[in-house]
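Each chain, written out:
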Amino acid sequence: MKRVLILGSTGSIGTQALEIIADREDLEPVGLAVGRDWQTAAVQAKGFEIKTIAVADRAAAEEAKSGFDGAVLSGEQGVIELIGVTRPDIVLNGIVGAAGLGPTIAALSQGIDVALANKESLVIGGELVTELAAATGAKLLPVDSEHSALFQLLENEDHAALDRIVLTASGGPFRGRTDLDGITVEQALDHPTWAMGGRITIDSATLMNKGFEMIEAAHLFGLPYEQIDVVVHPQSIVHSLIDLKDGATLAHLGYPDMRVPIAYALTWPERSDVPVERLDLARVGRLDFEEPDPGTFRCLALAREAGRSGGIAPCVLNAADEVAVAAFLEGMITFKDISTVIERTIEDVGSGPAKGFDELFAIDEASRERASEIISGLT
Ligand code: MG
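Residues numbered from 1 in each chain as written. Predicted model: local features only at pLDDT ≥ 70, side-chain atom pairs only at ≥ 80, totals over all residues. Heavy atoms only, no water.

S.K.: Hey, could you run me through the side chain of Ser-148 in this one?
M.R.: By the secondary structure assignment, Ser-148 is in helix α7 (residues 145-154). If sequence neighbours within four positions are ignored, Ser-148 has contacts with Pro-142, Pro-261 and Tyr-264. (Helix = DSSP H or I, 4+ residues; strand = E, 2+ residues; numbered from the N terminus. Contact = heavy atoms within 4.5 Å.)

Take a look at the structure:
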């Protein structure tokens, strides 16, 4: 029996994870953490007989204390405490944004494996997070579909036999466009192949999501950026590829369905029965590929540069992106301004090594403030 703690249980990853767990005898959810929506978490907890939940938003946690029939841990600290209280075998981190880093650190510090859907953990703290995992022997199991694909493809390959990895990108709703003027929030939220949360959908439209994924991959697989490429593939059937020294290219295919990578991370090293639609290539008919356009989609270029610089640069990149995307969703800046805000924030905050997690949290905050000031200047 594997005991699973789910952080972000009401989000798209969390709800699909619970669906998988409900079908399996060997997985047991032992705790749930949510941002604000304690009512949904309470329903989930009741269904799985879970006694303890954590609610990151303190006001919502106060409400939950009178409404939930069990223990409620409060605040971001409460989410971290939940790891110590429930002592799971694996933490599924499906928290969105920088808030996911603290719980990843807490779990790895205690030697607990992390099924990682929170890409910010590796984007912001990649160097320190992978060092920590190596030091405690805890495993990082990627849940992001591309990284899960790469993890599976690389599992039986010698690193020395690898030429490069290729991440596929759907290209988002604005694929093929050479200018990004006049894009509305509604258009940006309309993702062609994956149904996801608000921020990641905008990040997919700007290609920042793919930029983050390059950084994630560099840390997960210990590769230099010269060995990490991106190809646009609008059907999202090929989830990633690896090129080997002998000329062979291996690919991971399937219909876009997050239950596959979630199940793989939760049941690794075993494979489980997952009731997803089986791939029918004849029905798919054709698979298209094209070069990404980092000249138009500036976020992709900014992410590669930040990844190459390393240290605090990816942390600044992420913080500026979170603030800029929120401002776009609120109608304060244009779609095109998102990359402008990020670029200027990186210029202003500067770069340097990341000495510790506390420094990263301080840089994260300073970058958010700077990004907000830049946004005020634009509006
Ligand atoms: Mg992905």
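Okay, back to it.
S.K.: For this particular structure, what's the right way to read the pattern of salt bridges?
M.R.: Side-chain pairs of opposite charge can arise whenever the charged atoms involved come near each other. Scanning all chains against the criterion turns up 29 salt bridges. Salt-bridge contacts for Glu-120 lead to Arg-199; the nearest nitrogen and oxygen are separated by 2.5 Å. Taken together, the residues span a long stretch of sequence, with Glu-120 in helix α6 (residues 120-136) and Arg-199 in helix α9 (residues 198-206) at a distance of 79 residues. For the pair Glu-120 and Arg-199, one class covers both residues: buried. The residue Asp-257 makes a salt bridge to Arg-259 at a minimum N-O spacing of 2.9 Å. For Asp-257, a relative accessible area of 17% translates into the label buried. (Salt bridge = Lys/Arg side-chain N within 4 Å of Asp/Glu carboxyl O. Buried < 20%, exposed > 50% of the residue type's maximum accessible area, 1.4 Å probe, protein only.)

S.K.: Please clarify how a nonpolar patch on the surface should be interpreted in this entry.
M.R.: Side chains of Leu-253, Leu-279 and Leu-281 sit close together on the surface and give an oily, nonpolar patch of about 220 Å² of accessible area. For Leu-253, the location among the structural elements is in strand β11 (residues 249-253). (Patch = residues over 30% accessible without salt bridge, like charges linked within 9 Å, V, L, I, M, F, W, Y side chains within 5 Å. Areas by Shrake-Rupley, 256 points an atom, 1.4 Å probe, with all protein chains shown as cover.)

S.K.: Explain the coordination of the magnesium ion to me, please; I cannot follow it from the model alone.
M.R.: For a metal bound by four donors in a tetrahedral arrangement, the ideal donor-metal-donor angle is 109.5 degrees, while six donors in an octahedral arrangement ideally sit at 90 or 180 degrees. Distances from the magnesium ion to its protein donors, Asp-144 (OD), Glu-146 (OE) and Glu-213 (OE), fall within 2.1 to 2.2 Å. Mapping the donors of the magnesium ion onto the primary sequence yields the spacing D-x1-E-x66-E. Taken as a pair, Asp-144 and Glu-146 share a single burial class, namely buried. (Donors = N, O, S within 2.8 Å, 3.2 Å for Na, K, Ca; no water.)

S.K.: Looking at this model, I keep getting lost on the sheet that holds strand β4 (residues 71-74). Mind explaining?
M.R.: Sheet strands associate in pairs through backbone hydrogen bonding, adopting either a parallel or an antiparallel arrangement. Strand order in the open sheet formed by 7 strands is β4-β3-β2-β1-β5-β6-β7, and the pairing between neighbours is parallel. Each edge of the open sheet is held by one strand with a lone partner, namely β4 and β7 (140-142). Looking at each pair of strands side by side, their axes are set apart by 25 degrees on average, direction ignored. Taken together, the 4 bridges between strand β3 (residues 52-55) and β4 define a ladder with parallel strand orientation. Residue pairing across strands places Val-55 opposite Ser-74, the latter belonging to β4. Across the sheet, helix α3 (residues 58-67) lies against β3 and β4, angled at about 165 degrees from β4, the strand it touches most. Across the sheet, helix α4 (residues 75-86) is in contact with β1 (2-7), β2 (27-34), β3, β4 and β5 (90-93); its angle to β4 comes to roughly 130 degrees. (Pairing = 2+ DSSP bridges. Axes fitted to C-alpha atoms, helices over the stretch in contact; angles between N-to-C directions.)

S.K.: What is the right way to read the pairing of β11 from this model?
M.R.: The side chains of a regular strand alternate, residue by residue, between the two faces of the sheet. The pairing of strand β10 (residues 238-244) with β11 spans 5 bridges and is antiparallel. Across the sheet, residue Ser-240 finds its bridge partner in β11, namely His-252. Hairpin connection, β10 to β11: the antiparallel pair is bridged by 4 residues, and Gly-247 has positive phi, about 95 degrees.

S.K.: It is not clear to me how the nonpolar core should be interpreted in this structure. Could you clarify?
M.R.: Buried together is how nonpolar side chains tend to be arranged in soluble globular proteins. One finds Val-55, Ile-165, Leu-266, Leu-317, Phe-335 and Ile-338 to be the most contacted residues of the largest nonpolar core, which totals 87 residues. Looking at this core element by element, the count peaks at 8 residues for helix α14 (residues 313-329). Each residue touching Leu-317, except ones within four places of it in the same chain, is listed here: Met-208, Phe-212, Ile-215, Leu-302, Ala-303, Ala-306, Ile-342 and Ile-346. Counting 35 residues, the second largest nonpolar core, distinct from the first, contains Leu-128, Ala-138, Leu-140 and Ile-363. (Core = buried A, V, L, I, M, F, W, Y, C linked by side-chain atoms within 4.5 Å.)

S.K.: Just to check I follow, could you spell out unusual backbone geometry for this structure?
M.R.: Excluding glycine, most residues fall at negative phi; most peptide bonds, likewise, are trans. Along the chain, Trp-268 connects to Pro-269 via a cis peptide bond; the corresponding omega equals 5 degrees. Structurally, Pro-269 is set in the loop between α11 (259-267) and α12 (281-284). Of note, the phi angle at Glu-49 is positive, near 55 degrees, even though the residue is not glycine. Overall, Glu-49 belongs to the exposed group, its relative accessible area being 64%.

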